[in-house]
Amino acid sequence: MRIAVTGAAGRLGGQVVRLLADRDGVDVVAMTRRPPPGGLLPPQAQAVVADYAEPAALRTALRGADTLVFVSSDGPDARMLLHHRNVVAAAAAERVAHVVALSSVDADAASPFCYAVVNRLTEDMLLGSGLPCSIARASLYTEFFEGWLTEARASGLLRLPAADGRISLVARDDVARALAALAVGEPTGRHHDITGPVSADLADIASVAAEVWETPVAYEDIPAGTYCAETAASGLDPWWLYAFSPLFASVREQRWAQVQGDYALLTGGLPLALRDVLTAHR
Ligand SMILES: NC(=O)c1ccc[n+]([C@@H]2O[C@H](COP(=O)([O-])OP(=O)(O)OC[C@H]3O[C@@H](n4cnc5c(N)ncnc54)[C@H](OP(=O)(O)O)[C@@H]3O)[C@@H](O)[C@H]2O)c1
């Protein structure tokens, strides 16, 4: 079975490649934007350069693939959608028999979060293409949220505009395990919600971090406008300010709060808790 994986030089795609490369009977094609540095990918994987912006390169990379693990693109949303259109078109042109696509639990055109809209439109595009598919809707990655926690570790305050929004943080490795499990199975034609084991508000999240790090960390809910002004003043790239602000609006709407058992059904294991991830990184 030949399985192609996009985003293979990235953290999630790279982990999917490593998981699949260890399996008997699987040939892995690792799709990267540029030639990967030596040693980044396991020797069993075949590296193929294919930028999401290059339809011909995507088709070449997917030729002969039975399955595609489609890790979503990143960056400005309109460009991301264009990338996704290119990937779906290439998979359809090469008659890939199964597309395992990464989406998010907030995949909704009515969400305030730009990537929720992109993910929903991508799911619709995929389902409309007629390609047999399985969709992994991931919650927010624990390691992604850890960026804000790490800032709070220094200041003692997790200052974010999340109100009482809850998040079912999921370890990136668990998302990789769910994608790998879907990739070796038959297309399910539906989405699977890949969440962490608990739904926690930011006060709970801060208190877990404080306990693991043995240092005070408290949550302070701040107005969205204050967050924008302070983040702009910090020098963050304007795109990420534009993206993070509506992300917290979607958190306030409880769009990342659900906990589902799909991870256990797919992998037979239990998802890692925030405490596990922070302890491993301590
Ligand atoms: N749920 C969440 O909390 C959350 C948070 C952040 C991101 N995400 C999504 O999850 C995906 C995987 O996350 P991650 O942590 O593994 O991100 P990552 O480490 O940044 O990996 C993303 C990969 O996408 C590749 N890429 C970007 N633009 C490309 C292009 N034009 N053509 C081909 N490849 C391109 C990057 O290539 P290079 O290595 O060359 O840069 C990188 O290897 C992200 O891409 C994003 O869609 C989800």
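Structure: above.
A. Examining the nonpolar core more closely. The biggest cluster of nonpolar side chains holds 40 residues, and the ones touching the most others in it are Phe145, Trp148, Leu149, Leu158, Leu160 and Leu202. Residues contacting Leu158, with those up to four places away along its chain left out, are Phe145, Trp148, Leu149, Ala152, Leu202, Ala206, Ala218, Tyr219 and Glu220.

B. Here's a closer look at the sheet that holds strand 4 (residues 67-70). If you walk across this open sheet you meet the seven strands as 3-2-1-4-5-6-9, and the pairing is parallel. Two strands bound the open sheet, and with one partner strand each, they are strand 3 (46-49) and strand 9 (191-194). Pairs of neighbouring strands in the sheet enclose a mean axial angle of 20°, with direction left out of account. Here strand 1 (residues 2-5) pairs with strand 4 via three bridges, running parallel. Counterpart to Val5 in the pairing with strand 4 is Val69. Set on the sheet, helix 4 (residues 114-129) makes contact with strand 4, strand 5 (98-104) and strand 6 (133-138); between it and strand 6 the angle comes to about 170°.

C. Up close: the side chain of Thr231. Here Thr231 shows up in helix 8 (residues 224-233). Since its relative accessible area comes to 10%, Thr231 is described here as buried. Contacts of Thr231, omitting those with residues within four sequence positions, involve Leu236 and Leu241.

D. Fine view of helix 2 (residues 55-62). Looking only at helix 2, the buried set comprises Ala57, Leu58, Ala61 and Leu62. Projected down its long axis, helix 2 shows its buried positions confined to an angular sector of 130°, all on one face. At its buried positions, helix 2 is contacted by strand 1, strand 2 (27-32), strand 3, strand 4 and helix 3 (77-93). Just past helix 2, the residue Gly64 takes up positive phi, approximately 85°.

E. Geometry of the pattern of salt bridges. Overall, the coordinates contain 13 salt bridges when judged by the stated rule. Here Arg137 and Glu123 are joined by a salt bridge, their closest N and O atoms 2.7 Å apart. Separated by 14 residues along the polypeptide, Arg137 in strand 6 and Glu123 in helix 4 bring together distant segments of the chain. A salt bridge links Glu230 to Arg159; the shortest N-O distance between them is 2.5 Å. In this pair, Glu230 sits in helix 8 while Arg159 sits in strand 7 (residues 157-160), placing the two residues 71 residues apart along the sequence. Judged by its relative accessible area of 37%, Glu230 falls in the partly exposed class.

Cut-offs applied
Residues numbered from 1 in each chain as written. Predicted model: local features only at pLDDT ≥ 70, side-chain atom pairs only at ≥ 80, totals over all residues. Heavy atoms only, no water. Core = buried A, V, L, I, M, F, W, Y, C linked by side-chain atoms within 4.5 Å. Buried < 20%, exposed > 50% of the residue type's maximum accessible area, 1.4 Å probe, protein only. Contact = heavy atoms within 4.5 Å. Pairing = 2+ DSSP bridges. Helix = DSSP H or I, 4+ residues; strand = E, 2+ residues; numbered from the N terminus. Axes fitted to C-alpha atoms, helices over the stretch in contact; angles between N-to-C directions. Arc of directions from axis to C-beta. Salt bridge = Lys/Arg side-chain N within 4 Å of Asp/Glu carboxyl O.

Purely geometric stuff here, so don't read any function into it on its own.
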